[in-house]
Each structure stands twice: as C-alpha cells, then as structure tokens.
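So the chains spell out like this:
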Amino acid sequence: MDDNTCSFVEVIGGVTFIVNVKPAEKAKQTTEEFIKALITKESMALDADCA
C-alpha cells in the first residue's frame, strides 16, 4: 500500500467495519477525520436502535 491509503478494522457493537480508502484530491477532511466521523455516526445510530 502507498502512503496515501488508510486501512483499518473497527468492531463496534458486534459489527466489524473494514475500511480501506484513498483520499480525494480536494477533500475537506482528512481520511482519518472522515472515517472517525462516519464510525461515530453509525455508532450513535446503533445505540439509538438498541435503546
């Protein structure tokens, strides 16, 4: 993989997220910021479904 690729695995509430992304040319957020925000949003949605 090159230096511009971000890959990781995150397990949240029994759901495994496998992430492998490359940044866009004119991205407003870094890849890490985008993925963290996405996982946070999905986690909150899972919490709301379980409540």
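This text goes with the structure placed above it.
Residues numbered from 1 in each chain as written. Predicted model: local features only at pLDDT ≥ 70, side-chain atom pairs only at ≥ 80, totals over all residues. Heavy atoms only, no water.

Kindly report on the overall build of the protein, identifying the contributing residues and their values.
Scanning the protein from terminus to terminus reveals one helix and two strands. Tracing the protein from N to C terminus, the helices and strands come up as β-β-α. Within the protein, the fraction of its 51 residues that count as buried is 16%. Within the protein, residue pairs in contact and separated by at least 24 positions form 28% of the contacts whose partners lie at least 6 positions apart. (Helix = DSSP H or I, 4+ residues; strand = E, 2+ residues; numbered from the N terminus. Buried < 20%, exposed > 50% of the residue type's maximum accessible area, 1.4 Å probe, protein only. Contact = heavy atoms within 4.5 Å.)

Provide a residue-level description of the environment of Phe17, including the pertinent values.
One can find Phe17 in strand E2 (residues 15-21). Residues Phe17 and Ile39 lie 22 residues apart in sequence; the distance between their C-alpha atoms is 8.4 Å. The contact partners of Phe17, leaving out residues within four places of it in the chain, are Phe8, Val9, Glu10, Ile12 and Glu42.

Please set out the pairing of E2 residue by residue, giving values where relevant.
Pairing of strand E1 (residues 6-12) with E2, which is carried by seven bridges, proceeds in the antiparallel orientation. Within the sheet, the bridge partner assigned to Phe8 lies in E2 and is Val19. Linking E1 back to E2 in an antiparallel pair, the connection comprises two residues, with Gly13 at a positive phi of about 55 degrees. (Pairing = 2+ DSSP bridges.)

Could you give an account of helix H1 (residues 31-50), with specific residues and numbers?
With 20 residues, H1 extends 29 Å between its outermost C-alpha atoms, agreeing within 8% with the 28 Å of an ideal straight helix rising 1.5 Å per residue. Among all positions in H1, only Thr31, Ile35, Ile39 and Ser43 are buried. The buried residues of H1 occupy one face: seen down the axis, they fall within an arc of 95 degrees. Opposite its buried face, H1 presents the exposed residues Lys41, Met44 and Ala48, each directed more than 90 degrees away. (Expected span 1.5 Å × (residues − 1). Arc of directions from axis to C-beta.)

I'd like to hear about the environment of Ile12, residue by residue, with values.
Considering the arrangement of structural elements, one finds Ile12 in strand E1. The exposure class assigned to Ile12 is buried, which follows from its relative accessible area of 15%. Distance in space between the C-alpha atoms of Ile12 and Ile39 is 8.4 Å, their sequence separation being 27 residues. Once residues lying within four places of it in the same chain are set aside, the contact partners of Ile12 are Phe17, Ile39, Ser43 and Leu46.

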